[in-house]
Amino acid sequence: MLSPINIEDIINILPELIILFTGSIILINGVTSRSNKISYYTAISGTFIGIITKLILIFVLYENMNYESIFMGTLVAGSLESLFSLIFLIALFVCLNMTKYYQAQITSFKSEFYGLLMYSTAGMMLLARSNEMITAYVSLELATLPLIALVALGKGKLSKESGLKYLVLSAVSTSFFLLGVVYIYALTGTTFISSENPEISIHYGTIFQSISHAHVNFPSDLFVSVSSLSISNIIILISVIFIFIGLLFKLGVFPFHYWIPDVYEGAPTPITMFLSVASKSAGIAILLRIVLSIFDIADVSDPSWHSVLNWPDISLSIAVLSVFSMFVGNILAIKQNNLKRMLAYSSIAQAGYILIGFVAILSSTQINDAVYNSSVMVAYIFGYMFTNLAAFYSMGAIKQNLDSYNFNEFKGFGRIDIWNSFVLSVSMLSLIGIPPTLGFITKLFLFSSGINSGFTWLVIFGLINTVISAYYYLRIIKVLYLEKNESSFNAQLQVIKVSKLAILLLISIIIFGVYPDPIFDFCYDAINSVIN
C-alpha cells in the first residue's frame, strides 16, 4: 500500500512552497499597493530564504540519505533534485538582481513580472523531482506558461512576437510529450518513472528493461516489419520518441532549436538569461530522471543488466543530434552581429555538448561507468550555469549605457566599464573551455566520458566545434579591448561599478576551475544516491 502524505513530505517540498507563497504575495501586492519596490524586495527575500532552506535540507536531511519517494510516489526527495533546484534558485536570484538594470524595458506590470518568475521557478523545481509523468506534465506547464508571459512583457513589438512564437512552439512540443505519455499508459497502465514500492511493479525502468531484453533497438527497429516484433514494443518506441521530442525542445537541440534565436532576442534580457540556464536545466533534469529509471532494479550486479545499459542505437541517434546541434549553433553564431542572438546560437551548440553526456550514459557497460558519466554531465551543467549567468549579468550591466546589443555598441568598453568587461571576457573564455576556468575542467571531463564510452569520433567533432566557437567568443573580447569607438568615450557617459554578485560569479568560475572537487564530488554523490 502506498504511504500516505505526512509532515516529512511537506518538509521536503518546503523550498517550493516558499517560492510559490512568495509569488502569490507579490501578485496580491500587484492588485493592492502596486508598489514595485515591495514586489522586488519580497521576491529577493523569498528567493534567498528558499536557497537557505534548500541548503539546510541538503546538508542536514539528505546528507546520508538515498533518494526516496514522497507524496505517494509522485515526487522524489534527495540530492539530485536538490542540485537542480539550486541551479533554478541561483538563476532566479541572479535574474531578480539583474532586473534593476532593466526597469525601463519591462512593461508597467512589474509585480506580475516578479510573481510569474517565482511560479515558473517553482514549476521547474517540481519538474526536477517529478517521479510520475502526469505530475511532470503539470510541473512542465507551471514552468512554461509563466515564461511565455514573461517573454512578452518586454516593451516593443519584438517581445510580443517572441512571446507568440514561444507559445505556439511550446504547445506543440508539450503535445508531443503528453502524447508519448498517454500511449505508454494505454499499453502498460503506468505513468510512474521509477518506484521503490514493490506494489508498483511496472514503471519506465521495467519497460526499458523488457525492450532491451527483447532485443528491440531504437530507432532501427521502427523499420522492421510488425510481424517480426511485438506491436506494443513498436508503439512504446514511438512513444519514447515523442517524449524525447517534447523534452529536447526545452534543451534547444537540433532540429527543435528554431525558437531560440528569436525568443532570446525579443525577451527582456533577465528572462533570456533565465531561459538559457534554468529552462534548459529543467528539461535536462526530467530527461535524466527518465534515463536513470533503467537503474531502478532489484539487483544492479546482475550481469544481464549490461545489455540494458548498452543501447547502441539510441546512443548513435543522440550522437547524430549532438553533432548537428554543435555545428548549426556554432556556424550560425559566427554570422551574428547581435550579442543576444549570438549567445542564443551558442546555447544550441552547448546543448549539443550536453548530449555527449547522454550518449556516454546510454553507452555505459557497467553501473560504475553510468554513475561517473551521469555525474560528469551534471557537473558540466553546473559549470554552464555559473558561466552563462556571469556572461548575461555583466553584459546587462554594460548594456544599460547602450542603445542595442549590436557588437559595434560594445567597442572600447573594456577601457570604460573595466570590471564588467573583465567578467564578460572571462565568461567567454570559460564557454570556449580555456584553463583555468570552470568551463575548461567540466568540458575536459565531459569529453573524456565520451571517449571512454567508445564515441571518440563524437568528441573529435566536439573539439572541432570548440575551435569554431573560439572565433565568435574571442570576437567579443576583441571588440571590448582592441576596437575603438569614439562615441563610447563621451565624458557624460555613466560608468557602472561592477556588482558584488558579478564578482562572486567570476570568483566561482575561477575557483571551481582550479579546484573543481566540491562540484564533482557533490554531483557524483547525488547520482550515486539515485542509482544505488
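Everything numeric in this text was worked out from a predicted model, so none of it was measured.

Caption draft 1: Expanded view of the overall build of the protein chain. Of regular secondary structure, the protein chain possesses 20 helices and two strands. When burial is assessed residue by residue, the protein chain has 61% of its 532 residues classed as buried. In the protein chain, of all internal contacts separated by at least 6 residues, the share reaching a separation of at least 24 is 80%. About 19,900 Å² of surface is accessible on the protein chain, with carbon and sulfur atoms providing 67% of the total.

Caption draft 2: Representation of helix α7 (residues 157-188) in the model. When the terminal C-alpha atoms of α7 are compared, their 47 Å separation across 32 residues agrees well with the 46 Å that a helix rising 1.5 Å per residue should span. G189, located one to two residues past α7, shows a positive phi value of around 75 degrees.

Caption draft 3: Fine view of unusual backbone geometry. Geometrically, the link from F254 to P255 is a cis peptide bond, its omega value of 5 degrees lying close to zero. Its location among the elements puts P255 in the loop between α9 (231-251) and α10 (259-266). In this structure, the amide linkage connecting P435 to the following residue, P436, adopts the cis form with an omega of 5 degrees. Here P436 lies in the loop between α16 (418-432) and α17 (438-452).

Caption draft 4: Geometry of the pattern of salt bridges. This model, assessed by the stated rule, comprises seven salt bridges. Two residues, E81 and K54, come together in a salt bridge whose shortest N-O distance is 3.5 Å. Residue E81 is located in helix α4 (residues 79-98), and its partner K54 is located in helix α3 (residues 36-61); the two are separated by 27 residues in the primary sequence. For the pair E81 and K54, one class covers both residues: buried. Two residues, D262 and K165, come together in a salt bridge whose shortest N-O distance is 2.7 Å. Residue D262 is found in helix α10, and its partner K165 is found in helix α7; the two are separated by 97 residues along the sequence. Owing to a relative accessible area of 30%, K165 belongs among the partly exposed residues under this scheme. Via salt bridges that share partners, E161, K165, D262, E265 and R341 belong to a single interconnected network.

Caption draft 5: Up close: the packing of aromatic side chains. According to the stated counting rule, one finds 18 aromatic pairs in the structure shown. Their ring planes at 50 degrees and their centres at 4.5 Å tell us that Y472 and Y473 sit as a pair that is tilted. For the pair shown, Y472 and Y473 are each scored as buried. Among the aromatic residues, those joined into a ring-pair cluster are Y40, Y41, F113 and Y114. The ring of Y353 carries the charged tip of K443 above its face, separated from the ring centre by 4.3 Å.

Caption draft 6: Region of interest: the nonpolar core. Among the nonpolar cores identified, the biggest contains 156 residues, and F84, L288 and F358 are the most heavily contacted of them. Of all the elements, helix α15 (residues 367-399) adds the most residues to this core, at 20 residues. Here L288 is in contact with L80, F84, F358, I361, M377, V378 and I527, once residues within four sequence places are set aside. Membership of the second largest hydrophobic core comes to six residues, among which are I13, I70, F71 and L75.

Caption draft 7: How the structure looks around a nonpolar patch on the surface. Taken together, the side chains of L316, V320, F324, W457, I460, F461 and I464 make up a nonpolar region of the molecular surface, amounting to roughly 590 Å² of accessible area. Where the nonpolar patch is concerned, the elements lending two or more residues are α13 (312-334) and α18 (456-481). Top element by residues in the nonpolar patch is α18. It accounts for four residues. As for its placement among the helices and strands, W457 is situated in helix α18.

Caption draft 8: A look at the packing of α16 against helix α19 (residues 500-514). Viewed as axis vectors pointing N to C, α16 and α19 meet at an angle of 30 degrees, and their least axial separation amounts to 10 Å. By the angle class used here, α16 and α19 are roughly parallel. Considering how the two elements wind past one another, α16 and α19 form a crossing that is left-handed. Counted together, W419, F422, V423, V426, S427 and S430 of α16 and A502, I503, L506, I509 and I510 of α19 form the full contact between these two elements.

Caption draft 9: Representation of the confidence of the model for the protein chain. Per-residue pLDDT for the protein chain averages 81, and the proportion of residues at 70 or more is 84%. Note on residues 225-229: pLDDT is under 50 here. Beyond four places in sequence and across chains, it has five contacts. The low-confidence segment residues 488-492 (pLDDT under 50) makes nine contacts with residues lying over four places distant or belonging to another chain.

Caption draft 10: Structural view of the side chain of S276. Within the secondary structure layout, S276 lies in helix α11 (residues 269-292). Apart from the residues within four sequence positions on either side, S276 is in contact with Y264, Y384, N388 and F392.

Caption draft 11: Expanded view of the packing of α4 against helix α5 (residues 110-128). Orientation of α4 relative to α5, taken along the N-to-C sense of each, is 165 degrees, at an axis distance of 8 Å. Judged by the inter-axis angle, α4 sits roughly antiparallel to α5. Here the hand of the crossing between α4 and α5 comes out right-handed. For the pair α4 and α5, contact is made by E81, F84, S85, F88, L89, L92, C95 and L96 and by Y114, L117, M118, T121, M124, M125 and A128, respectively.

Caption draft 12: Region of the structure containing the environment of I87. The topology assignment puts I87 in helix α4. Distance from I87 to F382, taken between C-alpha atoms, is 7.2 Å for residues 295 residues apart in sequence. Once you skip the residues sitting within four places of it in the chain, I87 turns out to touch V277, S281, I381, F382 and M385.

Thresholds applied
Residues numbered from 1 in each chain as written. Predicted model: local features only at pLDDT ≥ 70, side-chain atom pairs only at ≥ 80, totals over all residues. Heavy atoms only, no water. Helix = DSSP H or I, 4+ residues; strand = E, 2+ residues; numbered from the N terminus. Buried < 20%, exposed > 50% of the residue type's maximum accessible area, 1.4 Å probe, protein only. Contact = heavy atoms within 4.5 Å. Areas by Shrake-Rupley, 256 points an atom, 1.4 Å probe, with all protein chains shown as cover. Expected span 1.5 Å × (residues − 1). Salt bridge = Lys/Arg side-chain N within 4 Å of Asp/Glu carboxyl O. Phe/Tyr/Trp six-rings, centres within 6.5 Å; stacked < 30°, edge-to-face > 60°. Lys NZ or Arg CZ within 6 Å of the ring centre and 35° of its normal. Core = buried A, V, L, I, M, F, W, Y, C linked by side-chain atoms within 4.5 Å. Patch = residues over 30% accessible without salt bridge, like charges linked within 9 Å, V, L, I, M, F, W, Y side chains within 5 Å. Axes fitted to C-alpha atoms, helices over the stretch in contact; angles between N-to-C directions. Parallel < 35°, antiparallel > 145°, perpendicular 65-115°, else oblique. Left-handed = near helix turned anticlockwise from the far one by under 90°. pLDDT = per-residue confidence, 0-100.

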